[in-house]
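Architecture and fold: a report
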2 protein chains.
Amino acid sequence: MKAVVLVSGGMDSCVTLAEAVHRGLEPALMHVRYGQRTQSRERRAFDAVADHFKVPLPHRLVVDISHLAAMGGSSLTDAQEEVEDGHLDAPGVPRTYVPFRNGNLLAMAGSWAEVLGAQSIWLGVVEEDGSGYPDCRGEFIRAMEMALRLGTAALDTLEIQTPLIRLDKAGIVRRGQELGAPFHLTWSCYRGEDRACGTCDSCLLRLRGFQRAGMVDPIPYR
Amino acid sequence: MKAVVLVSGGMDSCVTLAEAVHRGLEPALMHVRYGQRTQSRERRAFDAVADHFKVPLPHRLVVDISHLAAMGGSSLTDAQEEVEDGHLDAPGVPRTYVPFRNGNLLAMAGSWAEVLGAQSIWLGVVEEDGSGYPDCRGEFIRAMEMALRLGTAALDTLEIQTPLIRLDKAGIVRRGQELGAPFHLTWSCYRGEDRACGTCDSCLLRLRGFQRAGMVDPIPYR
C-alpha cells in the first residue's frame, strides 16, 4: 500500500521513512523547498536518503513553495534576518518558525495522496522535545487529518502518521538505530552547508539527542 | 482590520471581496495560479478587480502552485485531458476537481494572515449550488478553520468567512448587484480567453445564475 512520506533531509523524517518502510508500505517521497537558507544542502540529503531506500523517481516529488519566503515572517527564509543561536528551554515560539509550514506541507501531501491512492501521510513531527512550533502539536495534526478526510474525494479514512511525536531526540536516535536509518546521509543544521554549525537550535537538539542516546553523530561539525 | 481574501478573478470571489469591503475590512488579496488552462485570463481579471477596489500593491499576492498540475488528476490542469461539457445535475465529483485545492489555498492564506496579523480569511465557496467538490463543503471549512487556529502562533480566533456558501448562483448575482460588484471584470470560463465558451460547467452555472436573477451577464460569449 502506498504512503506519502514528507522527507526534508533531516534525521526525524529519515527515521519516519524508515518506520513506514519497516511497516511494509510503498513510500512516495515529497520534499519541499520553501526558500530556506540551506535548501540545496537539504535537497542533497533528500536525494541520498531516497537513493538509500531505493525509491523510484516517479515516487519522488520536489515542490517549491518559495512564496512562503516572499511573505516574510521567519528568520529561516528572510535573508535580512540572522538565524539566532538556539536556547533549548526558552519559552514561546522561536523566530525560525515558518508560519503554518506543516499545514502547507500536509495540504500538498493530501493532494498527492489523493492522486496516488495513498491512504496515509507520514510526517516526522516531534511535540515533546520539539522547538515549540504550533504546527507540530498532536491536536493540530488531528484537526488537519479531519480537514483532509472531509475536503477530499477519496481519502475518507486517511491517516496522518507521526511515529516520532511522543519521542524525544534520544528516543529518535535509538529508534533510528534499531531500524538502520542512514543518519550519516541526513542534514539538520539551519546555517551550514559542508559542516554543521553545532550552535543553532536544530544542531543543539540533534547533538543532545545523540549524546543522551550514548551515540556519536556521524556527520561533520565545525 | 485586515482580512485575507482569496480572489480567483471569477464572480464568486468578486462578490466575496465586495462583502468584505462592505463590512469595513481592509482586504489583502491572494490570487493563486496552479497551472490551470485559463490562468493568464484569470490573472487579468484579478488585476482588474483589485484595481476596481483600489487595493494597494503590497496587499496583492500572486502565488504559483503549479506543482498541483505536475501531480495530475484533474482535467483543468492536465494538458492531455479535455475539459468535458458540463452536466449540472450529474452525481459524483467531476473531472475538473483539483485534489484538495481549497485546502492548499487556505493553508497559504493562513500563512499570510499570520504574517499580516489578519484575523479572517474570505473564500467564495458555494456548497448548495456548487459543482460537488468536497473542499467546498461547510464541514470541511470548519475543520480547516480549526486546523488553522491550532497550527498557527497568533490565529487562535481566526475565522474563515464564506458569505456565499448557502446561496445559489442567482442569489450571488443579486447580492453582487446590491453591493455593486464589478461583474463585467470577472471571468469564469474553464476554456476561453476572449469569449466564454458558454458550455463548460462553470459557464453553465454562471449563465443560469444570471438568467434566474433576471439579469444579463455583461461578459462576452461565443
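Just so you know, the residues in each chain are numbered from 1, in the order the chain's sequence is written. Key to labels: chains lettered from A, ligands numbered from 1, both in the order written. Two thresholds apply to this predicted model, a pLDDT of at least 70 for residue-level local features and 80 or more for giving and counting side-chain atom pairs, whereas whole-chain, interface and lining totals are computed over all residues.

Turning our attention to the overall build of chain A. The helix and strand tally for chain A stands at seven helices and five strands. Each residue is classified by how many other C-beta atoms fall within 10 Å of its C-beta atom, where C-beta atoms are placed from the backbone; a count of 20 or more means buried, 12 or fewer means exposed, and values in between mean partly exposed. Across the 222 residues in chain A, those meeting the buried criterion constitute 53%. Here the contacts in chain A between residues at least 6 apart in sequence split such that 72% fall between residues at least 24 apart. Secondary structure elements are taken from DSSP: a helix is a run of H or I of four residues or more, a strand is a run of E of two residues or more, and numbering for both begins at the N terminus. Two residues qualify as a contact pair if the distance between their C-beta atoms, derived from the backbone, is within 7 Å.

Residue and element names in this part refer to chain A. Mapping A113 onto the fold places it in helix α4 (residues 101–116). A count of 28 C-beta atoms within 10 Å places A113 in the buried class. Along the sequence, A113 and V4 sit 109 residues apart, while their C-alpha atoms lie 6.2 Å from each other.

What follows deals with the pairing of strand β2 (residues 26–33) of chain A. Residue and element names in this part refer to chain A. With seven of its eight residues buried, β2 lies for the most part within the structure. At least two DSSP bridges between two strands are needed for those strands to be called paired. Note that strand β1 (residues 2–6) and β2 share five bridges and pair parallel. Each bridged residue has a counterpart across the sheet, and for V5 the counterpart in β2 is L29. Crossover handedness is defined by viewing with both strands directed away from the observer: a clockwise path from the first strand over the helix to the second marks the crossover as right-handed. One crossover worth recording links β1 to the parallel β2 by way of helix α1 (residues 11–22), and it is right-handed. In this sheet, strand β3 (residues 60–64) lies alongside β2 in parallel orientation, the contact comprising five bridges. Note that in β3 the partner of H31 across the bridge is V62. Where the polypeptide runs from β2 across helix α2 (residues 39–52) and back to β3, its parallel neighbour, the crossover connection is right-handed.

There are two copies of the chain, and a rotation about an axis plus a shift along that axis relates them. In screw terms, the move from chain B to chain A is a rotation of 180 degrees and a rise of 0.0 Å along the axis, fitting with an RMSD of 0.0 Å. Those values place the two copies in the arrangement expected of a two-fold rotation axis. Taken together, the interface assignments show that 100% of the residues at the interface of chain B recur at the interface of chain A, consistent with an identical surface on both copies. The copies were overlaid with a least-squares fit restricted to C-alpha atoms from residues scoring a pLDDT of at least 70 in each copy.

All names here are of chain A. Taken in spatial order, the five strands make up an open sheet running β3-β2-β1-β4-β5, and their pairing is parallel. Lying at the two open borders of the sheet, with one neighbouring strand each, are β3 and β5 (159–161). Averaged over all pairs of adjacent strands, the angle between strand axes in this sheet comes to 25 degrees, irrespective of strand direction. Lines fitted to C-alpha atoms define the axes, with helix axes restricted to the stretch in contact, and inter-axis angles between N-to-C directions lie between 0 and 180 degrees. Strand contacts of α4: β1, β2, β3, β4 (120–122) and β5, with the helix running at about 160 degrees to β1, the strand carrying the most contacts.

Residues and elements named next belong to chain A. Residue placement: M146 occurs in helix α5 (residues 138–151). A residue is classified by how many C-beta atoms lie within 10 Å of it, and M146, with 19 of them, is partly exposed. In this structure, the C-alpha to C-alpha distance between M146 and L158, residues twelve residues apart in sequence, is 8.6 Å.

A word on the packing of α1(A) against helix α6 (residues 169–179) of chain A. All names here are of chain A. Between α1 and α6, the shortest axis-to-axis distance is 10 Å and the interhelical angle comes to 45 degrees. Taken together, α1 and α6 sit at an angle that is classed as oblique. As α1 packs across α6, the resulting crossing turns out to be left-handed. Between α1, through M11, D12, C14, V15, A18, E19 and H22, and α6, the contact on the second element is made entirely by I172, R175, G176 and L179. Orientation categories follow fixed angle ranges, with anything under 35 degrees roughly parallel, anything over 145 roughly antiparallel, 65 to 115 roughly perpendicular, and all other angles oblique. Each crossing gets its handedness from the near helix: less than a right angle anticlockwise from the far helix is left-handed, clockwise is right-handed.

Each side of the interface is counted separately: chain B has 34 residues, and chain A has 34 residues. Only α3 (67–71), α4 (101–116) and α5 (138–151) of chain B provide two or more residues apiece to the side of chain B that touches chain A. With ten residues, α4(B) is the single largest residue contributor to the side of chain B that touches chain A. Broken down by class, the residue content of the side of chain B that touches chain A amounts to 20 nonpolar, ten polar and four charged. Note that Gly is not counted as nonpolar here; it falls among the polar residues with everything else outside the nonpolar set of Ala, Val, Leu, Ile, Met, Phe, Trp, Tyr, Cys and Pro and the charged set of Asp, Glu, Lys and Arg.

Let us now look at the sheet that holds strand β5 (residues 159–161) of chain B. Residues and elements named next belong to chain B. Within the open sheet, the five strands sit side by side as β3-β2-β1-β4-β5. Their pairing is parallel. Every interior strand has two partners, whereas the edge strands, β3 (60–64) and β5, have only one. Sheet twist, expressed as the average angle between the axes of neighbouring strands with direction ignored, equals 25 degrees. Along the sheet, α4 makes contact with β1 (2–6), β2 (26–33), β3, β4 (120–122) and β5, crossing β1 at roughly 160 degrees.

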